[in-house]
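A closer look at the structure
Each chain, letter by letter, is given below.
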Amino acid sequence: MVTLLHHQDCGRCPALVASRRRIVHGYGDAASGIVFIGEAPGRHGADQTGIPFWGDRSGRVLRRILVRVGLASDETAGATLRCFITNTVRCCPPGNRTPAPREVCACSEWLHMELDIIKPRLIIPVGRIALREVGMRYLGRNPGAIRTLHATVLFSNNVAILPLIHPARISHADIQAFIAAVKPLVDSRGTSHEF
């Protein structure tokens, strides 16, 4: 498993600097071609652990999904990931609130660097903030509401985009719909197909 970026001294967003315990960059298998993009490190998860979607309820839900679709060997901290997991914003916002547009903009260069290095074939934006950011980069527009687009494949050149409702707000039916939609895009080795 690898973290592509190691920058740890950003001070662009004073509210985030005051709130964060650490800067949390992406983590996982950069060669897989599969990238999950969340909103920001959670106060009780990644902000403490330094690993995106790890240590809180949302992380547990996402890890269960990853195991079910063959993108994680198990749900433990030492699991082998067959995907890369990152966030639009690298620092936990005060009170675990949604990142502000200016914070997403200030952090966008880190996400774009990861995406430029990985050159993903499959991107799973997790939540509305990530969907908007991915849509702007790959589709040239905000694609719309996450509830409407959840588990619906969008294509941009050779990239498939499969929105996922944030694990903090996802229902069992939404999880099942996502699993059914993602399985055809991922083979048994956990690598994305060519589109």
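Look a little higher up for the structure.
In this report, the structure presented in the accompanying data block is examined. Computed from a predicted model, the values in this text were never measured in an experiment.

1. Notes on the pattern of salt bridges
- In this structure the tally under the stated criterion is eight salt bridges.
- A salt bridge links Arg137 to Asp116, with the shortest nitrogen-to-oxygen separation between them at 2.5 Å. Residue Arg137 is located in helix H5 (residues 128–138), and its partner Asp116 is located in helix H4 (residues 101–118); the two are separated by 21 residues in the primary sequence.
- Residue classification places Arg137 among the partly exposed residues on the basis of a relative accessible area of 30%.
- Exposure remark for Asp116: the relative accessible area of 42% places this residue in the partly exposed category.

2. Concerning the sheet that holds strand E3 (residues 84–87)
- A sheet is described by the order of its strands in space; here six strands give the open sequence E1-E3-E2-E4-E6-E5, paired in mixed fashion. Looking at the sheet topology across the chains shown, the edges are occupied by strand E1 (27–28) and strand E5 (154–156).
- In this structure, strand E2 (residues 34–38) lies alongside strand E4 (residues 122–125), joined through four bridges in parallel fashion. Across the sheet, residue Val35 finds its bridge partner in E4, namely Ile123.
- Lying on the sheet, H5 is in contact with E2, E4, E5 and strand E6 (159–161); it crosses E4 at an angle near 145°.

3. Structural notes on the packing of H4 against H5
- Contact geometry of H4 with H5 gives a least axis separation of 12 Å together with a crossing angle of 65°. In the packing of H4 onto H5, the handedness of the crossing is right-handed. Facing Val104, Ser108, Leu111, His112, Leu115 and Asp116 of H4, the residues of H5 in contact are Ile129, Glu133, Arg137 and Tyr138.

4. Concerning helix H3 (residues 57–68)
- Helix length check: H3, at 12 residues, gives a terminal C-alpha distance of 17 Å against a target of 16 Å (1.5 Å per residue), a fit within 8%.
- Turning to H3, its buried residues number three or more, namely Ser58, Gly59, Val61, Leu62, Arg63, Ile65 and Leu66.
- Each element contacted by the buried residues of H3 is listed here: E2, E3 and helix H7 (172–182).

5. Let's talk about the nonpolar core
- Formed by 46 residues in total, the largest nonpolar core has its most connected members in Phe36, Leu66, Leu122 and Ile124.
- Here the element with the most residues in this core is H7; it accounts for five residues.
- Once residues lying within four places of it in the same chain are set aside, the contact partners of Leu66 are Phe36, Leu71, Ala72, Leu81, Cys83 and Ile85.
- Of all hydrophobic cores here, the second largest spans 10 residues; its members include Cys10, Leu16, Cys91 and Cys107.

6. Let's talk about unusual backbone geometry
- In this structure, Ala151 is a non-glycine residue whose phi angle is positive, near 65°.
- Take Ala151: it is sitting in the loop between helix H6 (146–149) and E5.
- Taking the relative accessible area as the measure of exposure, Ala151 reaches 18% and is therefore buried.
- If you check the backbone angles, Asn157 has positive phi at about 55° while not being a glycine.
- Topologically, Asn157 is positioned in the loop between E5 and E6.

7. Digging into the side chain of Ser32
- Secondary-structure assignment places Ser32 in the loop between E1 and E2.
- Using a relative accessible area of 8% as the deciding quantity, one classes Ser32 as buried.
- A polar contact of 3.1 Å, which involves the side chain of Ser32, links it to the backbone nitrogen of Ile34.

8. Re the side chain of Asp56
- Mapped onto the elements, Asp56 comes out in the loop between helix H2 (46–49) and H3.
- Put simply, Asp56 is tucked away with no salt bridge, and the nearest opposite charge, on Arg60, sits 6.1 Å away.

What counts, and at which threshold
- Residues numbered from 1 in each chain as written.
- Predicted model: local features only at pLDDT ≥ 70, side-chain atom pairs only at ≥ 80, totals over all residues.
- Heavy atoms only, no water.
- Salt bridge = Lys/Arg side-chain N within 4 Å of Asp/Glu carboxyl O.
- Helix = DSSP H or I, 4+ residues; strand = E, 2+ residues; numbered from the N terminus.
- Buried < 20%, exposed > 50% of the residue type's maximum accessible area, 1.4 Å probe, protein only.
- Pairing = 2+ DSSP bridges.
- Contact = heavy atoms within 4.5 Å.
- Axes fitted to C-alpha atoms, helices over the stretch in contact; angles between N-to-C directions.
- Left-handed = near helix turned anticlockwise from the far one by under 90°.
- Expected span 1.5 Å × (residues − 1).
- Core = buried A, V, L, I, M, F, W, Y, C linked by side-chain atoms within 4.5 Å.
- Polar contact = N/O pair within 3.5 Å; in protein donor to acceptor, adjacent residues only side chain to side chain.
- Lys, Arg positive; Asp, Glu negative; His and termini not counted.

Functional significance is not addressed by these values, which are geometric in nature.
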